[in-house]
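# Observations on chain architecture
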Amino acid sequence: MAEPLNTELSSSKTLSPINGHDSTFEPHQTAPQDTQIHHENDDLVPTEKRKREDGDGGGAGADADRSLHPLWKTSLCSYFRRNDDSCSHGGACRYAHSEEELRRRPDNTWDPTSERAKKALKSEAGEKCDNSEGVMMTEAVVDDDVDGSGSSHALSKCLVHLPRKWSSENLRKFLTEEGILFKHAKKKKGMMIGFVSFEEEEQMKSSSKDLEGKSIGNKRLKVADVIPRSFEKKSNSGVAFQQESPQNIDTALDKENEGVDVPSNGALDAETNDDNLAVDGSVSKTRSLRDVVTPLAHLSYADQLEQKKSSLMQILKRLTRNARKACPTGISLPEWILKSREIGGLPCKLEGIIASPIVNGYRNKCEFSVGYSLKGKITVGFMLGNFREGVTAVEEAVDCPNVSTVACKYATIFQEFLQHTDLPVWNRFKNSGFWRQLTVREGRTNGNVVDADTLGGIAEVMLIVQVSTASFDDAQVAAEFKRLAQAFVEGATSHCPTLPLTAVVVQDHQGISNVAPADAPLRLIPIPKAVDDPEMDESNNAMDVRIHDYISNLRFSISPTAFFQVNTLAAEKLYSLAGDWACLGPDTLLFDICCGTGTIGLTLAHRVGMVIGIEMNASAVSDAHRNAEINGIKNCRFICAKAEDVMGSLLREHLNVPKEQVDDPNISSSGSDIPEGSGCPEPENGDMASHCSENDNTEVGSEVPKGSTSENGNTSTQHFKNVVAIVDPPRAGLHPTVIKALRTHPRLRRLVYISCNPESLVANAIELCTPSPIKIEKGNKDNRGWRNMSSAGLARHRAKSMPISEAFQPIKAMAVDLFPHTQHCELVMLLER
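### Some points on the overall build of the protein
Looking only at helices and strands, one finds 20 helices and 25 strands in the protein. Counting the 833 residues in the protein, one finds 57% classified as buried. Taking as baseline every contact in the protein between residues at least 6 positions apart, the subset at least 24 positions apart corresponds to 75%. Here the protein has roughly 34,700 Å² of accessible surface; of this, 47% comes from carbon and sulfur atoms.

Printed below as a string of structure tokens:
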């Protein structure tokens, strides 16, 4: 994909630096390189574009050059549309003044604001519906008073694109108002689909015709067939319906490490709509699992990186635009906003995207759903789409290049075992069943293990089987677990070379979703020492079971539910980059905020005076202590608390700053010996990634007292000249109180933000980088408009009430590809003041 061109404009040739004279001349795209803007009249109307001189913009030679420029007339002129079809540039304007004048972009797409683009989008959506043969379900949802024999499937239809907040009662009311005669109607809140059954075929056909394309809100109904389960499953559990795990494809792979979702056309929508997170409500039965799990696998790896880089550039431009809008009236625009025009509207230079050292089979953790395939077979794999949109079929992950051979093999072993079990598969519609999910966690080695090359360096494997034991006989369950352990051992030893198997753990979870809480009970299943050996190894319990992996030659212990980067080799590059950009030294106090199991702080501990990790998940803090002990690291302190609760006291304790100065938000003077804007040596190979906490915003009981130090940590208070923070928040971003703490402490001069969701980074950076107003605005308690705001809009609103303090500035950014073949990547940004 062609890289967007940069516009070479000096800061002296941009808009007035006073906010209020900058609102309209925003680049729709990047401008032609031969186009320059000159000041000819200092008394221009604030929102008027400057006219080009004839030699610059109106000459025949210039026109000829523009006609060859790939971006000429590829975007509509927003100024022209907002000002009654008037533009001071006239025909010389590089933007199109009408749909007729508009040209296609180099990537063969139209300006997304144009009518042509909107029509193309609707047409594409319509084709998806028209090409579908039915919703990819293996069983219909019927009322409880209908038997589960499946006899009603032939007279049932599925309605797609219903409002998610509707219940069965809302659906029945809607059908009655539309004059639809039906027998039964059922819909579950939170889903976009509903099911309707009819008395006779003619009634079904006429009703389907009437409902097809019916508008509800901004969506149109799609009537789809229901694909019934094609066999009867024998069961002694008394469960009438047996269906697959309710997990969508993102969480099936890993709920923690998902970065930004990049559409296949390389552009990202301004706002994320939950309705579009997965596939369309009706999906073609021929859609392959490879297309769903690894949608970029058809591209060369170089093209994948280029597409992700282009998409990130579009996201970063939104930071510049929103920060400009958020600047208080009468306050000069920051220098980084004025200079953004020189780099195509970016807030800072995007220095590139780092490739993953390993492209295939890189995931060390995969979560396989248990369900039924379209052919009605019990399957362990990934879902073909989103459950709430009615896509429930599960297919085997045999052609997904990001999944390792070891993980696929264990999924196959478990699938074969399930063909002969009497316990049912979990049914989300009925909230009943037993088998739910298989998680395969792999520990790689440094290369000193036999067969390490053959197995991709995998030396240890932990299997976590999620079940729901409620209402099942304990003796039957215990017998099944014993059979399961034997099946895993037999499958592992029959493979050549033998597959590693460290532990089999059972997670008992009763919830509707497969996303289990951190305190879900764990049970270790003893493993036979050999295939023909009935004795079990019962030396450990589930809480003590660990596998191990390596980052930067440090050994990390990984418990069953602990977070760990799914691409460890790429994570190693990330941590090195974060350390280089943070400009660490012996006199540095490093705050590792949202530290998880401490991987970032521990890998950088040898480069700083002290690391303070803050994490609200008690089990993660326990793992961090353990990892520090394993590697003999003594200058790390891990605190189990919310960052917003302890940041102030920690800064006072270690920076030797008077309490009144730290607590005064109006003090913004620098107490750092580091000059503003000082640069750091550029790493030859950097990387960025981020972990997303498994329990994003869930507060858990603390097993480690607040303020406690690592067993190996220094207990005496030390004072440091340089303080740096590395933040690695969950997908939702930093809590507003944490942002306030980081922004208002003057000794914190450098911040490295690692983001698994660049949209959240943009929102947080708006608050961190927007200049303080002359007078702080107090929020209106009665204002409910925030509910409809975008994340960026809400950040602009919060920036107005930010205590007076010195703002950060974006210095540079870099991306890294932690997830080859997928639509996700990550972003690191350096902020300084």
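### A few points about the nonpolar core
With 61 residues, the main nonpolar core has Phe591, Ile593, Met647 and Leu742 as its most contacted residues. For leucine 742, the contacting residues outside a window of four places in its chain are Ile593, Met647, Ala725, Val727, Leu734, Leu748, Leu751, Leu768, Phe808 and Arg833.

### Digging into the sheet that holds strand S1 (residues 156–160)
What the four strands build is an open sheet, ordered S2-S3-S1-S6; its pairing is antiparallel. The two strands at the open ends of the sheet, each matched to only one other strand, are strand S2 (184–187) and strand S6 (222–224). Averaged over all adjacent pairs, the angle separating strand axes in this sheet is 25°, with direction ignored. Lying on the sheet, helix H5 (residues 168–177) is in contact with S1, S2 and strand S3 (193–197); it crosses S2 at an angle near 135°. Where helix H6 (residues 201–211) meets the sheet, it contacts S1 and S6, and its direction lies at approximately 5° from that of S1.

### A closer look at the packing of aromatic side chains
The relation between two aromatic rings is expressed through the spacing of the ring centres and the mutual angle of the planes. With the rule as written, the count across this model stands at twelve aromatic pairs. Arranged with centres 5.1 Å apart and planes meeting at 15°, the rings of phenylalanine 368 and phenylalanine 382 form a pair that is stacked. Of this pair, phenylalanine 368 sits in strand S8 (residues 365–372) while phenylalanine 382 is found in strand S9 (residues 378–383), placing the two residues 14 residues apart along the sequence. The exposure classification of phenylalanine 368 matches that of phenylalanine 382, with both residues buried. Centre to centre, the rings of tryptophan 435 and phenylalanine 481 are 6.4 Å apart; their planes meet at 70°, and the pair counts as edge-to-face. You can see tryptophan 435 sitting in strand S11 (residues 435–444) and its partner phenylalanine 481 sitting in helix H12 (residues 474–494), a full 46 residues away along the chain. Residue tryptophan 435 shares its accessibility class with phenylalanine 481, and that shared class is buried. A connected cluster of aromatic rings, assembled from ring pairs, spans Tyr410, Phe414, Phe417, Phe434, Trp435, Phe472, Phe481 and Phe488. Directly above the aromatic system of tryptophan 426 lies the positively charged group of arginine 436, at a separation of 4.0 Å from the ring centroid.

### Some points on helix H13 (residues 568–582)
Between the first and last C-alpha of H13 there are 21 Å, a value that for 15 residues agrees with the 21 Å anticipated at 1.5 Å per step. For H13, the tally of buried residues reaches eleven of 15 residues, placing the bulk of the element in the interior. Of the positions making up H13, those classed as buried are Thr568, Ala570, Ala571, Leu574, Tyr575, Leu577, Ala578, Gly579, Asp580, Trp581 and Ala582.

### Examining the side chain of serine 156
Checked against the element boundaries, serine 156 lands in strand S1. If we ignore the near neighbours within four places in the chain, the residues touching serine 156 are Val196, Ser197 and Met204.

### Points about the pairing of strand S20 (residues 610–615)
Taken residue by residue, a regular strand's side chains alternate between the two faces of the sheet. Within S20, six of the six residues are buried, leaving the element largely enclosed by the surrounding structure. Burial of S20 is two-sided: the residues Met610, Ile612 and Ile614 facing one way and the residues Val611, Gly613 and Glu615 facing the other way are all buried. Inspection of the sheet shows strand S19 (residues 588–593) paired to S20 by five bridges, in the parallel sense. Bridge pairing in S20 links isoleucine 593 to isoleucine 614. Handedness of the crossover joining S19 and S20 through helix H14 (residues 599–604) is recorded here as right-handed. Across five bridges, the pairing between S20 and strand S21 (residues 636–640) is parallel.

Cut-offs applied
Residues numbered from 1 in each chain as written. Predicted model: local features only at pLDDT ≥ 70, side-chain atom pairs only at ≥ 80, totals over all residues. Heavy atoms only, no water. Helix = DSSP H or I, 4+ residues; strand = E, 2+ residues; numbered from the N terminus. Buried < 20%, exposed > 50% of the residue type's maximum accessible area, 1.4 Å probe, protein only. Contact = heavy atoms within 4.5 Å. Areas by Shrake-Rupley, 256 points an atom, 1.4 Å probe, with all protein chains shown as cover. Core = buried A, V, L, I, M, F, W, Y, C linked by side-chain atoms within 4.5 Å. Pairing = 2+ DSSP bridges. Axes fitted to C-alpha atoms, helices over the stretch in contact; angles between N-to-C directions. Phe/Tyr/Trp six-rings, centres within 6.5 Å; stacked < 30°, edge-to-face > 60°. Lys NZ or Arg CZ within 6 Å of the ring centre and 35° of its normal. Expected span 1.5 Å × (residues − 1). Right-handed = clockwise from strand over helix to strand, strands pointing away.

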